[in-house]
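The residues making up each chain are set out below.
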Amino acid sequence: MSEDLRIEKKVESPSSQMVIGLDGWVNAGKVSTFSVKYLINKLEAQKFGEILQGRFHDYVIQRPFVSIKEGLMRSYIPPQNALYYWKGKENSDLILLLGVEPHLDWPRYVDIMLKVAKKMNVNRIYTIGGYLADIPIEDEPLINLTTNNEKLIDELKKVGLVLTNYAGPTCIYSEILWRCKTEKIDAVSLWSAVPIHIKGIYPKAAYHMLKMVTLLTGIEVDLTDLKRKAEAFKGEFERRTSSRLEMRRLLENLKEKQKEKRPTYIL
């Protein structure tokens, strides 16, 4: 299909939806990549291709990962953008893109993604993101929405999503939504708030995000194990911070601030 796209396995779908999770600025709490990896593993989705990284990634900004043991180079892994396919029931197929937000040539990257979407008859695209916010860990993470189709607003509000209000620097998800508007493909960007003091994976945000994604896409995925991880995380976090006075003060301040305002959305 393109010199920037490698198709390893031919797959076809009469109707599908696409879910995108990228690493980078969009991935606070690893909500974006963890959520898509979770779906891939749970659904046993099959890799069928990848968007080649050559022209899209600056290796100075994000370096490849190398593994060396006792002087022998075992592996070399550059940034990857892999495409997966899951065959659902009654035309509810799923295309999953798991990768890294490109540093260069966003328009070309979106061109390739849209070629795949059209080939697979994608009728709606969901992008997943996480943003840092001044919220306490006790709060249920807000899931914000942005869409390119005004007719979807009422539908999305009914399931508890919060409408986004934001003006400022953006990520490739905005490029995707804008281009999809031109191509007449519905697109929805879902973002979860992540407490500013969280480092690494935040399972609570991933759990609530995946509850929303499965609801919107209509796919059935058992999230019980992730719910348990989210519940256990709170206890582990409290034990780690109980003896750290500065962290306890920060957490108390966040609770007080949260009584007065809601976190803002960073697209």
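Above this text you will find the structure in question.
**Observations concerning the overall build of the protein**
Phase 1: Counting its regular elements, the protein contains 7 helices and 11 strands.
Phase 2: Every one of the 267 residues in the protein was classed for burial, and the buried ones make up 51%.
Phase 3: Accessible area of the protein: about 14,000 Å², with a carbon and sulfur share of 49%.

**Details of the packing of helix α2 (residues 106-119) against helix α4 (residues 172-182)**
Phase 1: Taken N-terminus to C-terminus, the directions of α2 and α4 make an angle of 55 degrees; their axes are 10 Å apart at the nearest point. As summarised for this structure, α2 and α4 are arranged oblique, according to the angle between their axes. The two elements α2 and α4 meet at a crossing, and its hand is right-handed. In contact with Trp106, Pro107, Tyr109, Val110, Asp111, Met113 and Leu114 of α2, α4 contributes Ile172, Glu175, Ile176, Arg179 and Cys180.
Phase 2: Residue composition of the contact of α2 with α4, by class: 9 nonpolar, no polar and 3 charged.

**Re the nonpolar core**
Soluble globular proteins tend to bury their nonpolar side chains together.
Phase 1: Residues Val19, Leu39, Leu96, Leu161 and Leu190 are the most contacted members of the largest nonpolar core, which totals 43 residues.
Phase 2: Listing elements by their share of this core, those giving two or more residues are α1 (31-43), β6 (81-86), β7 (93-100), β8 (122-133), β9 (143-147), β11 (186-195), α5 (203-217) and α6 (224-241).
Phase 3: Among the elements that take part in this core, α5 stands out by supplying 8 residues, more than any other.
Phase 4: Contacts of Val19, omitting those with residues within four sequence positions, involve Val36, Leu39, Leu94, Ile95, Leu96, Leu97, Tyr126, Ile128, Val213 and Thr217.
Phase 5: If you look at the next biggest cluster of nonpolar residues, it comprises 36 residues, including Leu5, Ile95, Val116 and Ala117.

**Focus on α2**
Phase 1: End to end, α2 covers 20 Å across 14 residues, agreeing with the expected 20 Å (1.5 Å per residue, within 8%).
Phase 2: Buried residues of α2: Tyr109, Val110, Ile112, Met113, Leu114, Val116 and Ala117, and no others.

**Quick word on the sheet that holds strand β1 (residues 5-7)**
Across a sheet, strands are paired by hydrogen bonds formed along the backbone, either parallel or antiparallel in direction.
Phase 1: Strand order in the open sheet formed by 9 strands is β1-β3-β6-β7-β2-β8-β11-β9-β10, with mixed pairing between adjacent strands. Because the sheet does not close on itself, it has two edges, and the strands there are β1 and β10 (162-163).
Phase 2: Examined bridge by bridge, β9 and β10 share 2 bridges and lie parallel to one another. Considered in β10, the bridge of Asn144 is made with Val162.
Phase 3: Seen against the sheet, α4 touches β2 (16-23), β8, β9 and β11 and runs at an angle of roughly 155 degrees to β8.
Phase 4: Against the sheet, α5 makes contact with β2, β7, β8, β9 and β11, and its axis sits at roughly 160 degrees relative to β11, the strand it touches most.

**Observations concerning a nonpolar patch on the surface**
Phase 1: Nonpolar side chains collect at one region of the surface, where Val66, Ile68, Met73 and Tyr76 lie side by side and expose about 420 Å² of accessible area between them.
Phase 2: Its place among the elements puts Met73 in strand β5 (residues 72-77).

**Structural notes on the side chain of Asn149**
Phase 1: With respect to the secondary-structure elements, Asn149 resides in the loop between β9 and α3 (153-158).
Phase 2: Among the polar contacts listed, one links the side chain of Asn149 to the backbone nitrogen of Lys151, at a separation of 2.9 Å.
Phase 3: In terms of polar contacts, Asn149 uses its side chain to reach the side chain of Asp186, at 2.9 Å.

**Here's the deal with the pattern of salt bridges**
Phase 1: Per the counting criterion, the structure on display carries 14 salt bridges.
Phase 2: Note that Asp4 is salt-bridged to Arg108, the shortest N-O span being 3.0 Å. Highlighted residues: Asp4 in the segment before β1 and Arg108 in helix α2, separated in sequence by 104 residues.
Phase 3: A relative accessible area of 8% places Asp4 in the buried class.
Phase 4: Close ionic contact of Lys47 with Glu8 constitutes a salt bridge, the shortest N to O distance being 3.7 Å. With Lys47 in strand β3 (residues 46-51) and Glu8 in the loop between β1 and β2, this pair connects stretches of sequence that are 39 residues apart.
Phase 5: Owing to a relative accessible area of 44%, Glu8 belongs among the partly exposed residues under this scheme.

Reading guide: rules and limits
- Residues numbered from 1 in each chain as written.
- Predicted model: local features only at pLDDT ≥ 70, side-chain atom pairs only at ≥ 80, totals over all residues.
- Heavy atoms only, no water.
- Helix = DSSP H or I, 4+ residues; strand = E, 2+ residues; numbered from the N terminus.
- Buried < 20%, exposed > 50% of the residue type's maximum accessible area, 1.4 Å probe, protein only.
- Areas by Shrake-Rupley, 256 points an atom, 1.4 Å probe, with all protein chains shown as cover.
- Axes fitted to C-alpha atoms, helices over the stretch in contact; angles between N-to-C directions.
- Parallel < 35°, antiparallel > 145°, perpendicular 65-115°, else oblique.
- Left-handed = near helix turned anticlockwise from the far one by under 90°.
- Contact = heavy atoms within 4.5 Å.
- Nonpolar A, V, L, I, M, F, W, Y, C, P; charged D, E, K, R; others polar.
- Core = buried A, V, L, I, M, F, W, Y, C linked by side-chain atoms within 4.5 Å.
- Expected span 1.5 Å × (residues − 1).
- Pairing = 2+ DSSP bridges.
- Patch = residues over 30% accessible without salt bridge, like charges linked within 9 Å, V, L, I, M, F, W, Y side chains within 5 Å.
- Salt bridge = Lys/Arg side-chain N within 4 Å of Asp/Glu carboxyl O.
- Polar contact = N/O pair within 3.5 Å; in protein donor to acceptor, adjacent residues only side chain to side chain.

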